[in-house]
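Read off the chains here:
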Protein chains: 2
Amino acid sequence: MQDLIRQLREQNKTKIVLLVADGLGGLPIEPGGLTELETARTPNLDNLVAEGICGLSTPVAPGITPGSGPGHLGLFGFDPLKHDIGRGVLEALGIGVEVGPKDVAIRGNFCTIDAQGHVTDRRAGRIPTEVCEKLVAKLKAQIKVEGVETLIEPVREYRLVVRFRGENLGDNVCDTDPLSTGMLTLEPKAGDEGSKRTALVAAEFLRQAKEILKDETPANYLMMRGFANFPKIATMEEIYGLRSAAIAVYPMYRGLARLVGMTVVEPGKTIADQMEVLKQEWEKYDFFFLHYKYTDSTGEDGNFAKKVEVIEALDAEIPKLKVLKPDVVIVTGDHSTPSRMKSHSFHPVPTLIWAPATVRPDLVTAFGERPCIQGGLGQFLAKDIMPLALAHAGRLQKFGA
Amino acid sequence: MQDLIRQLREQNKTKIVLLVADGLGGLPIEPGGLTELETARTPNLDNLVAEGICGLSTPVAPGITPGSGPGHLGLFGFDPLKHDIGRGVLEALGIGVEVGPKDVAIRGNFCTIDAQGHVTDRRAGRIPTEVCEKLVAKLKAQIKVEGVETLIEPVREYRLVVRFRGENLGDNVCDTDPLSTGMLTLEPKAGDEGSKRTALVAAEFLRQAKEILKDETPANYLMMRGFANFPKIATMEEIYGLRSAAIAVYPMYRGLARLVGMTVVEPGKTIADQMEVLKQEWEKYDFFFLHYKYTDSTGEDGNFAKKVEVIEALDAEIPKLKVLKPDVVIVTGDHSTPSRMKSHSFHPVPTLIWAPATVRPDLVTAFGERPCIQGGLGQFLAKDIMPLALAHAGRLQKFGA
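The rules behind the values
- Residues numbered from 1 in each chain as written.
- Chains lettered and ligands numbered in written order.
- Predicted model: local features only at pLDDT ≥ 70, side-chain atom pairs only at ≥ 80, totals over all residues.
- Least-squares fit on C-alpha atoms with pLDDT ≥ 70 in both.
- Contact = placed C-beta atoms within 7 Å.
- Pairing = 2+ DSSP bridges.
- Helix = DSSP H or I, 4+ residues; strand = E, 2+ residues; numbered from the N terminus.
- Axes fitted to C-alpha atoms, helices over the stretch in contact; angles between N-to-C directions.
- Nonpolar A, V, L, I, M, F, W, Y, C, P; charged D, E, K, R; others polar.
- Buried ≥ 20, exposed ≤ 12 C-beta atoms within 10 Å, placed from the backbone.
- Domains from an automatic or database assignment.
- Core = buried A, V, L, I, M, F, W, Y, C linked by C-beta atoms within 7 Å.
- Parallel < 35°, antiparallel > 145°, perpendicular 65-115°, else oblique.
- Left-handed = near helix turned anticlockwise from the far one by under 90°.

1. Quick notes on the relation of the copies chain B and chain A
Next, step 1: Superposing chain B onto chain A takes a rotation of 124° plus a shift of 0.4 Å along the axis, which leaves an RMSD of 0.3 Å. The transformation just described matches what one would write down for a three-fold rotation axis. For chain B, the minimum C-alpha distance to the rotation axis belongs to Gln-374 of chain B and amounts to 3.9 Å.
Next, step 2: A different interface surface on each copy is seen, since only 5% of the contact residues of chain B are contact residues in chain A too.

What follows is the structure, encoded as structure tokens:
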């Protein structure tokens with residue numbers, strides 16, 4: 001499909017906005033009740049639905065609950081089953097650490113171990129970010145592993161990223177986190193020949209780190225997980241010919257956007273800030289990915305009322321978007337996060353496409369899970385959204401004579 | 001997809017029931033009329049739909065009318081276009097004849113031939129099963145084909161199964177049934193190099209059988225059809241981690257269940273018996289396949305009123321199912337069998353999923369072909385039912401970070 005799009009695409013001056021309300025889809029709390037989105041008062045989103053077309057998107061495949069990586073890859077038009085992005089890479093990209101073909105990126109956790117080496121706190125008492133930064137600086141100053149270039153960066157609280165750059169650094173290495181306290185940390189073991197050097201490098205890194213941190217408290221050691229090489233993936237510009245900008249507050253989503261070649265612009269902190277940035281950057285790009293986190297985090301917290309509230313807050317910003325006169329607006333989520341389940345779920349995601357020049361409207365006039373069942377987009381895979389967006393933007397030529 | 005499920009699956013104590021009303025979907029007799037399912041009074045199924053989610057499943061692909069084999073493979077989560085199960089294997093499994101990788105299984109028909117060898121009755125006057133058993137015993141006692149192990153078993157009336165076990169027994173051999181009376185039976189001809197030995201073995205078997213049966217009446221010969229090797233297929237336990245039981249009255253469906261590794265438990269004779277068996281076996285399995293034949297056989301008979309009646313009889317048993325407190329109930333069919341057509345058809349199949357903990361209900365409150373068009377499952381491939389069932393049972397972990 002992406003090859004076809006490369007053949008058919010053409011340039012014009014249209015603007016496409018992909019607004020991702022993370023974890024948008026929900027569930028009713030009570031049998032017969034409404035979902036979060038159905039409960040929320042959303043006159044502006046309802047108006048986009050009334051003028052546009054809606055449906056339900058399946059992020060990966062029926063029944064599959066996606067993480068943020070596969071969920072967003074689908075929205076960017078990639079088949080999430082064919083492109084695997086390791087967690088280490090996501091985390092690194094998210095904090096602006098460049099990752100390339102010779103790298104293996106790893107998520108680190110500062111932790112507390114006792115004199116025998118047993119883990120007593122897997123998160124080192126959730127040390128504040130400043131302590132994390134100080135410890136990372138100490139490690140940076142002292143650690144030196146022969147034959148590789150080592151980069152260490154703080155993320156937040158007890159979390160850090162380690163990147164090794166060098167030859168023959170495969171990423172099939174097991175996590176060293178034993179996943180419960182009272183256990184020894186695990187050795188970084190290679191799962192294949194090509195990852196043996198990575199395991200040796202990681203073991204040496206951990207040996208030095210233990211020595212360097214031994215007198216610190218509570219964070220006197222660290223664990224590694226999510227070893228990951230940079231995935232082979234094309235950029236939005238290569239595939240779609242779109243100069244693309246990401247306006248996302250949280251590191252993970254900035255990282256995902258960088259992975260597919262988007263420019264990450266400074267997002268501010270609130271959705272109002274993001275809309276302001278969108279306005280400022282409007283002339284410079286063809287495609288804008290706006291990421292709104294709070295529909296997911298309130299769902300994860302199991303806070304139905306708060307999720308309703310953040311949906312209404314998002315809705316209130318929609319007029320600012322319309323003022324810019326975009327050609328195509330997509331509002332969707334990367335997956336559902338029902339507050340009843342307090343987690344990502346497999347349920348399909350309410351999705352709307354608004355494109356005044358080309359949309360064939362359906363009969364739906366409200367944005368919600370049940371209204372979207374009746375929508376003109378039907379039920380479809382999230383990876384179909386980008387081709388539809390390009391089509392609505394007049395950016396795809398006819399296929400065949 | 002099945003590889004993904006193997007990676008993501010996790011165990012818990014949930015129970016899943018797949019209730020297959022064979023040939024469930026139908027058609028109105030008169031323009032503007034109702035289908036069999038829409039006509040039937042089904043308060044209990046309607047209640048499952050009202051509390052659950054529904055849609056229309058396509059067994060194989062749009063426009064394709066499936067046999068029982070492909071229809072059920074789809075329901076068990078296999079792509080019927082990628083897994084071909086020969087009719088001989090199905091028949092053998094259905095009567096409890098083990099079939100393995102060195103075997104070729106064949107359906108046999110006792111028939112009547114005249115002195116010149118022309119077929120005068122393709123079913124030997126539908127001899128009673130006891131006569132079939134007697135003739136099979138006679139063949140068993142005398143037939144000996146060099147180099148293969150031969151097994152012969154009666155099925156019912158004029159039907160039997162022959163299984164050859166040995167090396168290099170391909171299954172590309174044509175049927176010997178000429179399909180009309182007054183013709184000579186055909187030679188078992190091989191369609192490829194790897195099946196030549198099977199053709200030779202079958203020809204020798206038929207030569208001896210003709211001699212042994214020559215003085216019998218009316219069944220003085222037999223014909224072979226549906227030559228089939230055992231397909232390479234994984235079990236429900238291997239893919240889904242589900243201990244699975246089949247509660248099916250008819251041999252074919254027990255055979256299909258055995259093929260994917262289900263335990264076939266004794267089903268009794270009626271749907272009420274099947275429900276009783278379900279109750280007795282409830283603790284021992286995670287997944288139950290209940291097969292209800294009469295929606296198909298009444299459809300095949302072209303008996304609209306009787307099909308309505310057997311749907312109502314099935315509906316009346318649903319409360320016994322709910323009493324067991326299953327986590328997920330799926331009600332569907334392996335294909336449509338409209339009584340107007342007196343045959344299987346390609347029409348999609350009304351399907352409901354009831355799963356109180358996780359289902360996102362739609363607005364549909366009645367089980368029927370037209371109501372299901374509006375359902376939250378939309379239109380989907382039957383092979384998606386198993387991933388959805390596992391997801392609703394909380395048996396699939398998140399995919400990706």
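Let us keep going from here.
2. Some thoughts on the sheet that holds strand β10 (residues 287-292) of chain A
All names here are of chain A.
Next, step 1: In spatial order, the strands read β9-β8-β10-β1-β11-β12-β2-β13; together these eight strands make up an open sheet with mixed pairing. In the strand order of this sheet, the two ends are held by β9 (263-264) and β13 (378-381), each with one partner.
Next, step 2: Lying over the sheet, helix α3 (residues 43-51) contacts β2 (53-58), β11 (328-332) and β12 (349-354), oriented at roughly 65° with respect to β12.

3. A few points about the interface of chain B and chain A
Next, step 1: Every contact between the two is made by 19 residues of chain B and, on the other side, 26 residues of chain A.
Next, step 2: If you list the elements that add at least two residues to the side of chain B that touches chain A, you get β13 (378-381) and α14 (385-392) of chain B.
Next, step 3: Per-element accounting of the side of chain B that touches chain A gives the leading share, four residues, to α14 of chain B.
Next, step 4: Along the lines of polarity and charge, the residues of the side of chain B that touches chain A split into eleven nonpolar, three polar and five charged.

4. Topic: the environment of Gly-69 of chain B
Residue and element names in this part refer to chain B.
Next, step 1: Relative to the assigned elements, Gly-69 resides in helix α4 (residues 68-75).
Next, step 2: Residue classification places Gly-69 among the buried positions, given that 22 C-beta atoms sit within 10 Å.
Next, step 3: Residues Gly-69 and His-344, spaced 275 residues apart in sequence, show a C-alpha to C-alpha distance of 12 Å.

5. Section: the domain arrangement of chain A
Next, step 1: Each assigned domain of chain A is listed with its residue range as follows: domain 1 (2-85 + 233-392) and domain 2 (97-229).
Next, step 2: Here domain 1 of chain A and domain 2 of chain A have C-alpha centroids that lie 35 Å from each other.

6. Observations concerning the nonpolar core
Next, step 1: In this structure, Leu-19, Phe-110, Phe-288, Phe-289 and Ile-353 of chain B are the most contacted members of the largest nonpolar core, which totals 127 residues.
Next, step 2: Here Ile-353 of chain B is in contact with Gly-52, Ile-53, Val-328, Ile-330, Val-359, Leu-377, Leu-388 and His-392 of chain B, once residues within four sequence places are set aside.
Next, step 3: Membership of the second largest hydrophobic core comes to 119 residues, among which are Cys-54, Ile-106, Ala-199 and Leu-222 of chain A.

7. Describing the pairing of strand β6 (residues 159-165) of chain A
All names here are of chain A.
Next, step 1: The buried count for β6 comes to five of seven residues, which makes it a mostly enclosed element.
Next, step 2: Across seven bridges, the pairing between strand β3 (residues 103-113) and β6 is antiparallel. Pairing of Asp-103 across the sheet is with Arg-165, part of β6.
Next, step 3: One ladder, built from six bridges, connects strand β5 (residues 149-154) with β6; its direction is antiparallel. Within the sheet, the bridge partner assigned to Leu-151 lies in β6 and is Arg-163.
Next, step 4: Between β5 and β6, which pair antiparallel in sequence order, lie four residues; one of them, Glu-157, sits at a positive phi of approximately 50°.

8. Overview of the packing of helix α10 (residues 271-281) of chain B against helix α12 (residues 304-323) of chain B
Residues and elements named next belong to chain B.
Next, step 1: Put simply, α10 and α12 touch, their axes get as near as 10 Å, and they point 15° apart. As far as their axial angle goes, α12 and α10 are roughly parallel. Here the hand of the crossing between α10 and α12 comes out right-handed. Listed contacts from α12 to Ile-271, Ala-272 and Met-275 of α10 are Ala-313, Leu-314, Glu-317, Lys-320 and Leu-321.
Next, step 2: Across the contact of α10 with α12, the residue classes break down as six nonpolar, no polar and two charged.

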